[in-house]
Amino acid sequence: MDDNLAKTFEQAAALQKLWSDSFEKMTHVWSQFSPGSPPVEEARKMRSGMLNVMAQSLDEFMRTPQFLEMMKSTMDGAMQLKGMTREGLHKMQDQFEIPHKEDLDGVLLALRHVERRLLERIEDLEGSMSVLDKRAAETNKELERIDERIGDLKSAAVPVKSSSSTTDVAPAAKGPDQPKKTTTKAAAPKGRKKPQ
Amino acid sequence: MKEDQSAVFDDMEAWQTSFMNEAFAVMKRAAALPFLPEKVERVRKGVTPREIVYEEDRLRVYRYIGEKPPRYKTPLCLTFALVNRPYIMDLKEGRSVVAHFVNGGHDTYLIDWGTPTRAERFLTTDDYVNGYMMNVVNFLRERSGEDKVNMLGYCMGGTLSTIFTALHQNLVKNLILLTTGIDYSSKEGLISVWTDPRYFDVDKFVDTMGNIPADFLQSAFLMLKPIQNLIAKPINLLENVDNEKFLEDFLYMETWLNDNIPVPGEVYREFAKYLFQQNLLTQNKMPVGRHTVDLRKITCPILNLMARNDDLVPVCQSEILNDLVSSKDKESIIWPAGHIGLAVGGKAQKDLWPRVVEWLSKRSN
């Protein structure tokens, strides 16, 4: 109780300070009044000065712990009231067997959880798929390398054969392109697709 | 003596003239007042021709149609906050950010999040970033045939765009940010003060309210500058009600300012807790679903636009971003305007936005 009283006094003191500071600054604005100027313009100048002073003081006040404490207690009160109203309504709705907000929220939340689990599962599967894709790509590259080596080995073997054979393989001796042809045919890697 | 008397008479005459002039001006203003409701009805929400190209739940994506076909293939995706409606980007003729990009040859799209209902109560930042934004970006990539898109985020939309870019850098070509909150350690802005965990229990608030009502958000924005918003602004309107140009700008702006929408409760909880209270984005610790946002993963060119007189997102909350990302091509502009003036202010429209369009054009395909 004492704490509450002390807080109330602190808040009242902060408010009082806000107004006294504002009035002090406003006197500076009022002191700039010059009766020689057109009164409407002067009034506008005064008004603008006063509003600026008030805006500045309020900005400072809204940063004080006293204001924040007031804001907190007001919001707590509002939420408590909303909670009590809702509780009363729930009792009535329960009596009439009408679904209330929390029932609907519960259904929505359950749906969200299911959706979340599904999405996470899909995300996991996507991750696994990309790992598999990477591995498949690596395996494919490895297979291609093996194919090339087989081809190279075969082409290297062809001239040995051709030296012993007669006219059939004579083109092998014609130039460097010929063994490559043989390699391509022998490797036949066309049917293998890179994973997407 | 005679000189004194004549000086007094001169003063009195000046006073009399001033009062008479003011009386006539007041009568003129009073005569203009009955036409005010009619003018309010004439306010349009968005001016550049557009078509809906994508829809998902309440979200819509608009494509803006220029007089000539776009010159750049990379699509530009504009993302606005979840708090207000996005037509501020295309407010009226001569005050449209969208029009600058469309006339500059960019294929321009805008995400309209729609108005959340209780069904969206449990949507999280993850749903918005890795769900909706991801789907929109994939749609735009498919539609344009480009691997990447350009992104422009405004206010909270800028924070969402930054998070998206950090999580999916491979999909973003260039990032433009307007008044984007990143570092919440400073208490310069009043919202940062009010969301102090000692005075604001965000969990209790969200659990009680569900979606955060538009009225609550509107009141909070008004209270940032209560004297200007509740006293000076109505006086200013009354004094200029007979000025057509002023009145048109005022009505367009006020229509938008008062067109708040509720924010999904969970997104509000995450923004208040992770950003305003714990400042996790700058520490590269902000969780978004199962991911953690690491700003160092951003490598694309960045243009960071800030408003010097911004009372909602002060410069100190935005300018740190350029130091936190790994991008080599990064630029900041601090413009002498307010939070909204940066987008629709006369000077920004004339000088800033052509510069921004040029910056993007140099970096687009």
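Provided above is the structure to which this section pertains.
Description of the structure in this document. As the structure is a prediction and not an experimental result, all values here were calculated from the model.

Overview of the overall build of chain B
Next, step 1: In terms of helices and strands, chain B carries 15 helices and ten strands.
Next, step 2: Expressed along its principal axes, the backbone C-alpha trace of chain B runs to roughly 85 × 55 × 40 Å.
Next, step 3: Across the 365 residues that make up chain B, the buried fraction comes to 56%.
Next, step 4: When contacts within chain B are restricted to residue pairs at least 6 apart in sequence, long-range pairs at least 24 apart make up 78% of them.
Next, step 5: A total accessible area of about 16,100 Å² is found for chain B, and carbon and sulfur atoms account for 53% of it.
Next, step 6: A distance of 6 Å separates the average location of the 43 positive side-chain charges in chain B from that of its 48 negative side-chain charges.

Some words on the environment of Glu266(B)
All names here are of chain B.
Next, step 1: Among the structural elements, Glu-266 can be located in helix 11 (residues 265-277).
Next, step 2: Glu-266 sits in the buried class, given a relative accessible area of 14%.
Next, step 3: Along the sequence, Glu-266 and Val-202 sit 64 residues apart, while their C-alpha atoms lie 10 Å from each other.
Next, step 4: Setting aside residues no more than four positions away along its own chain, Glu-266 makes contact with Arg-121, Phe-122, Leu-123, Thr-124 and Val-206.

A short note on the sheet that holds strand 2 (residues 59-64) of chain B
Residues and elements named next belong to chain B.
Next, step 1: Taking strand neighbours across the sheet as the criterion, the eight strands line up as 1-2-4-3-5-6-9-10 in an open arrangement whose pairing is mixed. The open sheet is flanked by strand 1 (50-56) and strand 10 (330-335), the only strands paired with a single partner. Neighbour to neighbour, the strand axes of the sheet diverge by 20° on average, direction disregarded.
Next, step 2: Across four bridges, the pairing between strand 3 (residues 76-79) and strand 5 (residues 149-154) is parallel. The residue bridging Leu-76 from the neighbouring strand is Asn-150, located in strand 5.

What to know about the nonpolar core
Where a protein is soluble and globular, its nonpolar side chains tend to be buried together.
Residues and elements named next belong to chain B.
Next, step 1: Within the largest apolar cluster, 121 residues are counted, with the highest numbers of intra-cluster contacts made by Phe-101, Ile-176, Tyr-268, Leu-305 and Trp-353.
Next, step 2: The greatest single-element share of this core, amounting to eight residues, is contributed by helix 4 (residues 125-144).
Next, step 3: The contact partners of Phe-101, leaving out residues within four places of it in the chain, are Leu-76, His-106, Thr-108, Leu-152, Ile-176, Trp-353, Val-356, Val-357 and Leu-360.

Description of the interface of chain A and chain B
Next, step 1: Every contact between the two is made by 36 residues of chain A and, on the other side, 40 residues of chain B.
Next, step 2: For the chain A and chain B pair, buried surface summed over both sides reaches about 3,400 Å², with 62% attributable to carbon and sulfur atoms.
Next, step 3: Three residues, Met62(A), Arg63(A) and Met79(A), lead the burial of chain A against chain B; their summed loss comes to 16% of the area buried on that side.
Next, step 4: Run the count over chain A and chain B and you get nine salt bridges.
Next, step 5: Note that Glu239(B) and Arg47(A) form a salt bridge whose closest N and O atoms lie 3.0 Å from each other.
Next, step 6: When residues of the side of chain A that touches chain B are traced back to their parent elements, those giving at least two are helix 2 (39-61), helix 3 (65-95) and helix 4 (101-164) of chain A.

Focus on a nonpolar patch on the surface
Residue and element names in this part refer to chain A.
Next, step 1: Side chains of Leu-15, Trp-19, Phe-23 and Trp-30 sit close together on the surface and give an oily, nonpolar patch of about 400 Å² of accessible area.
Next, step 2: Along the polypeptide, Trp-30 turns up in helix 1 (residues 2-31).
Next, step 3: In this structure Trp-30 comes out as partly exposed when scored by relative accessible area, which is 37%.

Section: the packing of helix 8 (residues 214-224) of chain B against helix 9 (residues 226-239) of chain B
Residue and element names in this part refer to chain B.
Next, step 1: Interhelical geometry of helix 8 versus helix 9 gives an angle of 90° and a closest axis separation of 4 Å. With respect to helix 9, the axis of helix 8 lies roughly perpendicular. Of the residues in helix 9, those touching helix 8 at Phe-221, Leu-222, Met-223 and Leu-224 are Pro-226, Asn-229 and Leu-230.
Next, step 2: Residues that form the contact of helix 8 with helix 9 fall into these classes: six nonpolar, one polar and no charged.

A short note on the pattern of salt bridges
Next, step 1: According to the stated counting rule, one finds 41 salt bridges over all chains in the structure shown.
Next, step 2: Taking the shortest distance from any N to any O, the salt bridge between Glu244(B) and Lys39(B) comes out at 2.9 Å. Of this pair, Glu244(B) sits in helix 10 (residues 244-257) while Lys39(B) sits in helix 2 (residues 36-41), and the two are 205 residues apart along the sequence.
Next, step 3: For Glu55(B), the salt bridge goes to Arg60(B), with nearest N and O atoms at 3.5 Å.
Next, step 4: Using a relative accessible area of 34% as the deciding quantity, one classes Arg60(B) as partly exposed.
Next, step 5: A single network of salt bridges, built from pairs that share partners, joins Glu41(A), Arg44(A), Arg47(A), Glu22(B), Arg29(B) and Glu239(B).

Some details on helix 3 of chain A
Next, step 1: Between its first and last C-alpha, helix 3 of chain A extends 45 Å over 31 residues, near the 45 Å set by a 1.5 Å rise per residue.
Next, step 2: At the exit of helix 3 of chain A stands Glu97(A), carrying a positive phi of roughly 55°.

Concerning the side chain of Asp90(B)
All names here are of chain B.
Next, step 1: Take Asp-90: it is sitting in the loop between strand 3 and helix 3 (97-103).
Next, step 2: Here Asp-90 is buried and forms no salt bridge, its nearest opposite-charge partner Arg-50 lying at an N-O distance of 5.7 Å.
Next, step 3: Here the side chain of Asp-90 touches Val-47 through a polar contact of 2.9 Å, landing on its backbone nitrogen.
Next, step 4: Residue contacts for Asp-90: discarding those within four places in its chain leaves Gly-46, Val-47, Thr-48, Tyr-64, Arg-95, Ser-96 and Val-98.

Some words on the packing of aromatic side chains
Residue and element names in this part refer to chain B.
Next, step 1: Taken as a whole and assessed by the stated rule, the structure comprises 13 aromatic pairs over all chains.
Next, step 2: Ring geometry for Phe-80 against Tyr-154: centres 5.2 Å apart, planes inclined by 75°, an arrangement best described as edge-to-face. Taken together, the positions of Phe-80 in the loop between strand 3 and helix 3 and Tyr-154 in strand 5 put the pair 74 residues apart, joining distant regions of the chain.
Next, step 3: According to the relative accessible area criterion, Tyr-154 is buried, its value standing at 1%.
Next, step 4: Ring centres of Tyr-184 and Phe-276 lie 4.5 Å apart, and the angle between their planes is 55°; this geometry places the pair in the tilted category.

A closer look at unusual backbone geometry
Residues and elements named next belong to chain B.
Next, step 1: In this model, Asn-279 sits at a positive phi of 50°, which is unusual for a non-glycine residue.
Next, step 2: Inspection of the secondary structure assignment puts Asn-279 in the loop between helix 11 and strand 7 (286-288).
Next, step 3: A positive phi is found at Asn-284, a non-glycine position, where the angle reads about 55°.
Next, step 4: Considering the arrangement of structural elements, one finds Asn-284 in the loop between helix 11 and strand 7.

Rules of the game
Residues numbered from 1 in each chain as written. Chains lettered and ligands numbered in written order. Predicted model: local features only at pLDDT ≥ 70, side-chain atom pairs only at ≥ 80, totals over all residues. Heavy atoms only, no water. Helix = DSSP H or I, 4+ residues; strand = E, 2+ residues; numbered from the N terminus. Buried < 20%, exposed > 50% of the residue type's maximum accessible area, 1.4 Å probe, protein only. Contact = heavy atoms within 4.5 Å. Areas by Shrake-Rupley, 256 points an atom, 1.4 Å probe, with all protein chains shown as cover. Lys, Arg positive; Asp, Glu negative; His and termini not counted. Charge placed at Lys NZ, Arg CZ, Asp CG, Glu CD. Pairing = 2+ DSSP bridges. Axes fitted to C-alpha atoms, helices over the stretch in contact; angles between N-to-C directions. Core = buried A, V, L, I, M, F, W, Y, C linked by side-chain atoms within 4.5 Å. Buried area = accessible area lost by both parts, 1.4 Å probe. Salt bridge = Lys/Arg side-chain N within 4 Å of Asp/Glu carboxyl O. Patch = residues over 30% accessible without salt bridge, like charges linked within 9 Å, V, L, I, M, F, W, Y side chains within 5 Å. Parallel < 35°, antiparallel > 145°, perpendicular 65-115°, else oblique. Nonpolar A, V, L, I, M, F, W, Y, C, P; charged D, E, K, R; others polar. Expected span 1.5 Å × (residues − 1). Polar contact = N/O pair within 3.5 Å; in protein donor to acceptor, adjacent residues only side chain to side chain. Phe/Tyr/Trp six-rings, centres within 6.5 Å; stacked < 30°, edge-to-face > 60°.

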